[in-house]
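Chains, contacts and geometry: an overview
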Amino acid sequence: MVSVSKFKYRGREMEACGFIEKDSPSWAAFHIAFFLSSYVVPLILISVLYVWMLSRLWRSSVGGRSAESKKGKKRVTRLVVIVVAAFASLWFPIQVSNGCGRARLKLLLP
């Protein structure tokens, strides 16, 4: 369950949303949904779209079958692999850190 709590901060009344019970299934579901929506789904989406783009590039007859055309296509393919690998490798530690931090926070809070 989610609740809205009111509190005073520096003389102003503030509101915050939070889970009522930290051990409830909604706490775990929220973190799983957050990980999926902020890392897994974007990674799958960019991978599928880049594979689709590369398949169209390699099937196209623009530039013919010259060595220069193949070299350019290989360069584009390598760049796409680097971009996807960079996304996956640079965002994964952040996701793990956030997940571990939330798990630690869950253990510390009453």
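Residues numbered from 1 in each chain as written. Predicted model: local features only at pLDDT ≥ 70, side-chain atom pairs only at ≥ 80, totals over all residues. Heavy atoms only, no water.

The protein has the name G-protein coupled receptors family 1 profile domain-containing protein in an unreviewed UniProt entry, where Anopheles culicifacies is given as its organism. According to UniProt, the comment filed for the protein under the heading Subcellular location (unreviewed entry) is "Cell membrane". In its Sequence similarities (unreviewed entry) section, the UniProt entry covering the protein states "Belongs to the G-protein coupled receptor 1 family." (UniProt positions renumbered as here; feature names shortened; annotations may be inferred.)

Comments concerning the packing of aromatic side chains
Within the structure shown, the criterion is met by 4 aromatic pairs. When the centroid spacing of 5.8 Å and the interplanar angle of 50° are considered together, the rings of Tyr-39 and Phe-92 count as tilted. Pair noted here: Tyr-39 is in helix α1 (residues 25-59) and Phe-92 is in helix α2 (residues 67-108), with a separation of 53 residues, a long-range link. On the basis of relative accessibility, which here comes to 7%, the residue Tyr-39 falls in the buried class. Ring plane angle 45° and centroid distance 6.5 Å describe the contact between Phe-87 and Trp-91, whose orientation is recorded as tilted. Residue Phe-87 and its partner Trp-91 are both found in helix α2; the two are separated by 4 residues, about one turn of the helix. An aromatic cluster of three or more residues is present, and its members are Phe-35, Tyr-39, Phe-87, Trp-91 and Phe-92. (Phe/Tyr/Trp six-rings, centres within 6.5 Å; stacked < 30°, edge-to-face > 60°. Helix = DSSP H or I, 4+ residues; strand = E, 2+ residues; numbered from the N terminus. Buried < 20%, exposed > 50% of the residue type's maximum accessible area, 1.4 Å probe, protein only.)

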